[in-house]
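Okay, here's what each chain looks like letter by letter:
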Amino acid sequence: MRTLYVSDLDGTLLQSNARTSPYTNNTVNALIEKGMLFSYATARSYLTARKVTAGLRTDIPLVVYNGAALVDGRDGTPMLKNFFGPEIGEALGELFANDIYPIVYSYLEGREVFSFIPARCTPGMETFLASRKGDPRTHPVEDAAGLCKGEIFYLTCIDGQEKLEPFYEKYKDSYHCVLQTELYTGEHWLEIMPLAASKSRAIEQLKKQLGCERLVVFGDGRNDMDMFQAADECYAVENAVPELKAMATAVIGANDSDGVARWLEEHYPR
């Protein structure tokens, strides 16, 4: 029976320094060499995910942007796009009217970009953008009209919880929304994706593509709940949020203890 193994990155496969450890890389790579089908599902882009997992083999497609896209693990070429339609323009208009100007991810003239208005950036957005200095996707625009261009697939709003929570409640049934505190900075993020975009949906598409019958997943946060629900077995790392631990098949070692790699090393069939 073919089994697909999928791990979240931040707080799960990555240690607190936002990198995979040499032990995790070596262990997972050795198991892939033996035939393990291993991928990851992350809110990150392909570009930033590859940087923080340097040294890890990615032979099969990867789930990025919380399921908005399934990309080739070797070069990041989109294989499946779960993107917005024209209706996202209305939601963007409502956000603008309430002084929320998100970072907008899109394909513009065939190139992946993230657009933002420098004059409208919150401190949290500035922190995020500073961490992406030199990123070739960086695309500052002058006004709200500039944020609405291209094939849009992901919105990131970084602001106060009191401003973001009402829009989470407003859009949670129309779009796939995640409202959470960012792991490394403590900033409040509202991520808005097409309803068709979720880790679980993209993983199911990957599972079908690979002809797998079973799914085993690993995670730490609330945005991993949907893939836990879709899995045959689901494992929460020790540092996971209580809600995810309550859903888990079992709780394994923490991210800083290479919990996922150690579980795989012990349980992957010899």
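Computed from a predicted structure; not experimentally measured. In this convention, every chain numbers its residues from 1, walking through the sequence in written order. The predicted origin of the model limits local features to residues at a pLDDT of at least 70 and limits the giving and counting of side-chain atom pairs to 80 or more, whereas totals for whole chains, interfaces and linings rest on all residues. To obtain the side-chain values, all non-hydrogen atoms of the structure were included, while hydrogens and water were left out.

What follows covers the overall build of the chain. Each helix and strand counted, the chain has 11 helices and 14 strands in total. Seen through its principal axes, the chain has C-alpha atoms that stretch 55 × 35 × 35 Å. Using a 1.4 Å probe on the protein chains alone, a residue whose accessible area is under 20% of its type maximum counts as buried, one over 50% counts as exposed, and one in between counts as partly exposed. Residues classed as buried in the chain amount to 57% of the 270 residues present. Residue contacts are counted whenever heavy atoms from the two residues lie within 4.5 Å of one another. Nonlocal contacts in the chain, meaning residues at least 24 apart in sequence, comprise 61% of its contacts between residues at least 6 apart. On the chain, roughly 11,800 Å² of surface is accessible, and the fraction owed to carbon and sulfur atoms is 49%. Secondary structure elements follow DSSP: runs of H or I of four or more residues count as helices, runs of E of two or more count as strands, with numbering from the N terminus. Only the protein chains shown count as cover for residues, with accessible areas throughout obtained via the Shrake-Rupley method and a probe of 1.4 Å.

This part takes up the pattern of salt bridges. Each salt bridge in this description consists of a side-chain nitrogen of Lys or Arg and a carboxyl oxygen of Asp or Glu lying within 4 Å of one another. Across all of its chains, the model carries 17 salt bridges by this definition. Notably, a salt bridge pairs R137 with D135, separated by 2.6 Å at the nearest N-O pair. With respect to burial, R137 and D135 carry one shared label: buried. Within the structure, one salt-bridge network assembled from shared partners comprises D99, R120, D159 and K163.

Counting buried positions along strand 6 (residues 103-108) gives 5 out of 6 residues, so the element sits mostly inside the fold. Two strands pair if DSSP finds at least two bridges between them. Of the pairings in the sheet, the one linking strand 6 to strand 9 (residues 151-158) comprises 5 bridges and is antiparallel in character. The residue bridging I103 from the neighbouring strand is T156, located in strand 9. Pairing of strand 6 with strand 7 (residues 111-116), which is carried by 5 bridges, proceeds in the antiparallel orientation.

Its identity is not glycine, yet D99 carries a phi of approximately 60°, on the positive side. One can find D99 in the loop between helix 4 (88-97) and strand 6. The backbone of D258 shows a phi angle near 60°, a positive value even though the residue is not glycine. Its location among the elements puts D258 in the loop between strand 14 (250-252) and helix 11 (259-267).

By definition here, a helix of n residues has an expected span of 1.5 Å times n minus one. The end-to-end C-alpha distance of helix 8 (residues 199-210) is 16 Å, a good match for the 16 Å that 12 residues give at a rise of 1.5 Å each. Every buried residue belonging to helix 8 is among K199, S200, A202, I203, L206, K207 and L210, and all of these are buried. When helix 8 is viewed along its axis, its buried side chains cluster within an angular range of 160° and face the same direction. Contact partners of the buried residues in helix 8: strand 1 (3-7), strand 2 (37-40), strand 3 (62-64), strand 4 (69-71), strand 12 (214-219) and helix 9 (225-230). A positive phi of about 70° marks G211, the residue just after helix 8. What the arc measures is the spread of directions leading from the helix axis to the C-beta atoms.

For the rest of this paragraph, the subject is the environment of E109. Tracing the backbone shows E109 in the loop between strand 6 and strand 7. Each C-alpha atom, one on E109 and one on S39, is 29 Å from the other, the two residues being 70 residues apart in sequence.

Here, axes are lines fitted to C-alpha atoms. For helices the fit covers the stretch in contact, and angles between N-to-C directions go from 0 to 180 degrees. Between helix 4 and helix 7 (residues 161-171), the shortest axis-to-axis distance is 12 Å and the interhelical angle comes to 160°. By the criterion of interaxial angle, the relationship of helix 4 to helix 7 is roughly antiparallel. As for the relative orientation of helix 4 and helix 7, their crossing is right-handed in sense. Only F167, K170 and Y171 of helix 7 make contact with helix 4, whose side of the interface consists of A91, E94 and L95. Each residue receives one of three labels: charged for Asp, Glu, Lys and Arg, nonpolar for Ala, Val, Leu, Ile, Met, Phe, Trp, Tyr, Cys and Pro, and polar for the others, Gly being one of them. For the contact of helix 4 with helix 7, the per-class residue count stands at 4 nonpolar, no polar and 2 charged. Throughout, the term roughly parallel applies to angles under 35 degrees, roughly antiparallel to angles over 145, roughly perpendicular to angles from 65 to 115, and oblique to all others. Crossing handedness is defined as follows: a turn of the near helix away from the far one that is anticlockwise and smaller than a right angle gives a left-handed crossing, while the clockwise case is right-handed.

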